[in-house]
Amino acid sequence: MKKINSKRLPEEGVSHNPDIMKKVFIKKGEIPQLMMYGSAVFKPGDSVDLHKHETMYEVFHITKGKANFLVEGKEILVSEGDCITIEPNELHGQSNPFSENVEWTYFGIAID
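Predicted model, so just to flag it, every value in this text is computed and none were measured.

Cut-offs and rules
Residues numbered from 1 in each chain as written. Predicted model: local features only at pLDDT ≥ 70, side-chain atom pairs only at ≥ 80, totals over all residues. Heavy atoms only, no water. Helix = DSSP H or I, 4+ residues; strand = E, 2+ residues; numbered from the N terminus. Rg over C-alpha atoms; globule rule 2.2 N^0.38 Å. Buried < 20%, exposed > 50% of the residue type's maximum accessible area, 1.4 Å probe, protein only. Contact = heavy atoms within 4.5 Å. Areas by Shrake-Rupley, 256 points an atom, 1.4 Å probe, with all protein chains shown as cover. Lys, Arg positive; Asp, Glu negative; His and termini not counted. Charge placed at Lys NZ, Arg CZ, Asp CG, Glu CD. Core = buried A, V, L, I, M, F, W, Y, C linked by side-chain atoms within 4.5 Å.

Remarks on the overall build of the chain
And step 1. In terms of helices and strands, the chain carries zero helices and 11 strands.
And step 2. Helices and strands appear in the chain in the N-to-C order β-β-β-β-β-β-β-β-β-β-β.
And step 3. The C-alpha radius of gyration computed for the chain amounts to 15 Å, which stays within 12% of the reference 13 Å derived for 112 residues, consistent with globular compactness.
And step 4. Going through the 112 residues of the chain one by one, you find that 35% of them count as buried.
And step 5. Residue pairs in contact within the chain that sit at least 24 positions apart in sequence constitute 70% of those at least 6 positions apart.
And step 6. In the form shown here, the chain has an accessible surface area of approximately 6,800 Å², with 49% of it arising from carbon and sulfur atoms.
And step 7. Positive and negative side-chain charges of the chain, numbering 13 and 17 respectively, have mean locations separated by a distance of 5 Å.

Following this line, the structure appears as structure tokens:
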């Protein structure tokens, strides 16, 4: 599991134009084979049961609100700006026990 916050990441120039700045959540070579990229809105009270992906990394970038993730028995509060990576076979679930929607973008990367 890896958790970072976009507000704390350094900016760096892109390779084709160093005047264009980026923040890198996951560097080249860290995760192979993108499977999907999407977004979701969790309303108050929404949750996803504990589950795992045997052959996939799953990455969530929180763009609004906050949620609780449970990863391998550890509760992790994520909020706007956080990016959390769930590794293959890590038992995880998400919930929104708060009074506002939580929004995130996410993608999966195959390891096989």
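There's plenty left to go through after this.
A few points about the nonpolar core
And step 1. F69, V78, I84 and W104 are the most contacted members of the largest nonpolar core, which has 13 residues in total.
And step 2. Judged by nonpolar contacts, the second largest core, of nine residues, contains I4, L9, I26 and F107.

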